[in-house]
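Single-letter residue listing:
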Amino acid sequence: FALGGEWHTKLKKFNIDVDASQIVTGNLTGHAYSGMASFKVDSLFTISGRAFSTSRAPNFNFLLNQSDYKQYNWQNNFKNEEVNGIDFVFDSKKWIFASVNLTNIDNYAYFDLDDITGQTKPMQASETINYFKVKLSKEIRFGKFALDNQFIYQKVTSGEDQLRVPDFITRNTFYYANYIFKGKPMYLETGVTFSYFSKYLMNAYNPLISEFYLQDEREYGGYPLLDFFVNFKVKTMRVYFKLEHFNSGFTGYDYYSAPDYPYRDFVIRLGLVWNFFI
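Fair warning: this is a prediction, and the values are worked out from it, not measured in the lab.

A few words now on the pattern of salt bridges. Opposite charge on two side chains permits pairing when their charged atoms draw close. Tallying each qualifying case throughout the model produces ten salt bridges. The shortest N-O distance in the salt bridge between Asp-114 and Lys-121 comes to 3.2 Å. For Asp-114, a relative accessible area of 19% translates into the label buried. For Lys-121, a relative accessible area of 29% translates into the label partly exposed. One salt bridge connects Arg-269 with Glu-244, and the closest N-O pair in it is separated by 3.1 Å. Here Arg-269, found in strand β21 (residues 267-274), pairs with Glu-244, found in strand β18 (residues 237-244); they are 25 residues apart in sequence, far enough to count as distant. Three or more residues joined by partner-sharing salt bridges are found here, namely Asp-227, Lys-242, Glu-244, Arg-264 and Arg-269.

The next subject is the pairing of strand β1 (residues 2-11). With respect to burial, β1 is a largely exposed element, only zero of its ten residues being buried. Bridge count between β1 and strand β2 (residues 14-23): ten bridges; the pairing is antiparallel. Residue Lys-10 lies in a different strand from β2, and its bridge partner there is Asn-15.

Formed by Phe-52, Val-83, Ile-105, Tyr-108, Tyr-110, Ala-125, Ile-129, Tyr-131, Val-156, Leu-163 and Leu-214, the largest nonpolar core amounts to eleven residues. Contact partners of Tyr-108, with chain neighbours within four places excluded, come to Glu-81, Met-123, Gln-124, Ala-125, Ile-129, Gln-162 and Leu-163.

Thresholds applied
Residues numbered from 1 in each chain as written. Predicted model: local features only at pLDDT ≥ 70, side-chain atom pairs only at ≥ 80, totals over all residues. Heavy atoms only, no water. Salt bridge = Lys/Arg side-chain N within 4 Å of Asp/Glu carboxyl O. Buried < 20%, exposed > 50% of the residue type's maximum accessible area, 1.4 Å probe, protein only. Helix = DSSP H or I, 4+ residues; strand = E, 2+ residues; numbered from the N terminus. Pairing = 2+ DSSP bridges. Core = buried A, V, L, I, M, F, W, Y, C linked by side-chain atoms within 4.5 Å. Contact = heavy atoms within 4.5 Å.

Encoded structure:
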């Protein structure tokens, strides 16, 4: 049984939002607190800051598992994961979107391999995980062409042996958008999307428990993904055509969703949406 509430107010040019919930009774304990203040300057930009704190039990796969495989039976009394952090956001359509996130995690739950049996087992970190993330996004327009960019830099400054993420992620789309033909009967969008993340010790996947676990054998990533798309709209009908991962045949077969699980090859997608009633 939990209780929660929200409070929203405006103090001059500041908007203040507070959310809080607390488990009162039950087998599980926990809370979620969040407070945010935002400041908007006309239509130029918005600056906001948020502080948050959550306490919750790890998912049930960490606490209890029963299986015909003897090594995959456990019942744990793990502590709540304590997540505390702050966010800062600068949002401007004219200039740039930028956000900074600082997060501390205590009692972080994860899966690792047992040194003796070599089987996946749940564990809980004894040290604090410190996580830092910066996100930048900006769309640059020149005539009917545009370049939409999104960059993420993230780093685990403490506890990188338990939580692993790629340091750098980017997604960039170069496209053309315009009405074509006389009378503007059709709106067309076409372009190429580039996606990439840096190499890191990607978590492996265990299908028996449907969970990811730590591995130290090989780094994955550092591989580009290219998609070509054409979208157009005629009145109430929309058609999209996409060549997904069309570079798979000439940039090397070294792409994975997880160790031993290759990412999908070149795929052609075609779709139609037609609204008969508006």
